[in-house]
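Structural description and commentary
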Amino acid sequence: RRVVVLISGNGSNLQALIDAQSFDELGGEIVAVISNKADAHGLQRARDAGIDAVVLPHDEYESRDAFDGALIKVIERHEPDLVVLAGFMRILTPRFVHRFHGRLLNIHPSLLPAYRGLDTHKRVLADGGEEHGASVHFVTEELDGGPVVMQAALKIRPGDSEESVVERIHAREHLIYPIAVRWFLEGRLQLGPDGPTLDGMAL
Ligand code: GRF
C-alpha cells in the first residue's frame with residue numbers, strides 16, 4: 001500500500017512515519033513526500049530515507065485552484081492509497097478534498113473540535129485551558145472539521161510555556177499518527193457514510 005505525505009516544514013511527523021516504516025510498522029510504503037516550500041527540512045528527511053522528495057512551490061501558481069490542480073497531478077502520478085498531511089500549511093480546495101475523500105488524513109495540534117486553525121498552543125495557554133492535545137482526522141471541506149479518528153491529550157502544567165507544550169504535543173503526535181496510518185493501510189480504519197469506523201465499528 002502506497003502513501004504520499006504532504007509537508008511544509010520541519011517534518012517531525014513525517015520522520016515518525018519514516019521510522020515506523022523502517023521497523024515495518026507502517027503497513028505500507030511512503031512513495032513520495034511533497035512540499036509547497038523548497039526549504040522545508042522534511043524534504044531532507046525524505047531524501048535521507050531514500051524517498052522521492054518533490055517541491056511544488058505554491059507561489060508559482062496564480063490561484064489556489066491552479067496550485068491544487070498541479071498538486072493533484074503530482075500526487076496521482078504516485079498512485080497512493082492514502083494521502084497524509086503532516087504539517088502541510090495550505091488550505092485545500094473542495095476539489096482537492098473531494099478527489100481524495102476517505103483517503104486523506106491530517107494531524108492537528110488540539111483536541112478537536114476545540115481550537116481549529118492556527119496558533120493552538122498560544123490560544124490554549126491564553127485561555128488558561130487545563131487540557132490540550134493532538135487529533136488525527138479525516139479531511140473534509142471544513143477546515144480542521146473532519147471526523148476525528150484518534151486523539152492524545154495532555155494536562156497543562158503550572159509554568160507551561162508554548163515551547164514546553166509544543167514539545168509534549170509533538171511527542172504525542174509522533175505516537176498516534178503512525179498508528180492511525182497503519183490502521184488505515186491495513187484496511188481497519190475507514191471513512192464510511194456515517195463516519196469513521198475501526199474494524200467495522202463506529203469510532
Ligand atoms: C504539527 O504540530 C501538526 O499537528 C501540525 O503541524 C505541525 C507539524 O510539525 N499540523 P512537523 O512538521 O511534523 O514537525
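Residues numbered from 1 in each chain as written. Predicted model: local features only at pLDDT ≥ 70, side-chain atom pairs only at ≥ 80, totals over all residues.

So, the site of the ligand
Our working rule: Each residue receives a C-beta atom built from its backbone; the residue is near a molecule or strand if that atom lies within 6 Å of it. A run of H or I in DSSP becomes a helix once it reaches four residues, and a run of E becomes a strand once it reaches two; helices and strands are each numbered from the N terminus. Basically, the charged four are Asp, Glu, Lys and Arg, the nonpolar ten are Ala, Val, Leu, Ile, Met, Phe, Trp, Tyr, Cys and Pro, and anything else, Gly included, counts as polar.
Among the 13 residues in the neighbourhood of the ligand, the closest are listed as N10, S12, N13, G87 and P109. Broken down by secondary-structure element, the contributors of at least two residues to the shell around the ligand are α1 (12-22) and β5 (104-108). At three residues, the largest contribution of residues to the shell around the ligand is made by α1. Across the shell around the ligand, the residue classes tally to five nonpolar, seven polar and one charged.

Observations regarding the UniProt feature "binding site: (6R)-10-formyltetrahydrofolate" (unreviewed entry) in the chain
To keep things clear, this is the line we draw: UniProt positions are given in the numbering used here, feature names are shortened, and annotations may be inferred rather than shown by experiment. Remark: C-beta atoms are placed from the backbone, and a residue is labelled buried if 20 or more other C-beta atoms sit within 10 Å of its own, exposed if 12 or fewer do, or partly exposed between those counts. Contact between two residues is assigned when their C-beta atoms, built from the backbone, lie within 7 Å.
If you check UniProt for "binding site: (6R)-10-formyltetrahydrofolate" (unreviewed entry), the listed places come out as R64, M89, R90, I91, L92 and N106 in our numbering. Counting through the fold element by element, R90 comes out in the loop between β4 (82-85) and α4 (94-99). Look at R90 and you get partly exposed, because 16 C-beta atoms sit within 10 Å. Excluding anything up to four places from it in sequence, R90 contacts N36 and H58. In contact with L92, not counting residues within four places along its chain, are D68 and V97.

Examining the sheet that holds strand β2 (residues 29-35)
Here is the rule we go by: Following DSSP output, two strands are said to pair if at least two bridges run between them. Where helices are involved, their axes are fitted lines through C-alpha atoms of the stretch in contact, as for all axes, and angles between N-to-C directions lie from 0 to 180°.
What the seven strands build is an open sheet, ordered β3-β2-β1-β4-β5-β6-β7; its pairing is mixed. The open sheet has two free edges, formed respectively by β3 (52-55) and β7 (148-155), since each of these has just one partner strand. Averaged over all adjacent pairs, the angle separating strand axes in this sheet is 20°, with direction ignored. Looking at chain direction, β4 and β5 are connected through three bridges and run parallel. Bridge assignment links L85 to a residue of β5, and that residue is N106.

Remarks on helix α3 (residues 64-77)
Short version of the rule: What a helix should span is 1.5 Å times the count of its residues minus one. Each C-beta atom gives one direction from the helix axis, and the arc is the one those directions make.
Here α3 spans 20 Å end to end across 14 residues, near enough to the 20 Å set by a 1.5 Å rise per residue. Among the residues making up α3, those that are buried are F67, D68, L71 and I75. The buried residues of α3 all sit within an arc of 95° when viewed along its axis, so they share a single face. In this structure, the buried residues of α3 make contact with β1 (2-7), β2, β4 and α4.

What about the nonpolar core?
If you look at soluble globular proteins, the nonpolar side chains tend to sit buried side by side. Stated formally: We call a set of buried Ala, Val, Leu, Ile, Met, Phe, Trp, Tyr and Cys residues a nonpolar core when their C-beta atoms link them within 7 Å.
Grouped together as the largest cluster of nonpolar side chains are 48 residues, with contacts concentrated most on V5, L17, V84, L105, A180 and V181. Among the elements that take part in this core, helix α6 (residues 162-185) stands out by supplying seven residues, more than any other. Setting aside anything within four residues of it in sequence, one finds V181 in contact with V3, L17, L26, L82, V84 and L105.

Topic: the sheet that holds strand β10 (residues 201-202)
Paired through backbone hydrogen bonds, the strands of a sheet run either parallel or antiparallel to each other. Judged by pairing direction, the sheet is antiparallel, and its three strands sit side by side in the order β8-β9-β10 without closing on themselves. Of all strands in the sheet, those bounded by a partner on one side alone are β8 (189-192) and β10. Judged from the two bridges that link them, strand β9 (residues 195-198) and β10 form a sheet pairing that is antiparallel. Counterpart to T197 in the pairing with β10 is A202.

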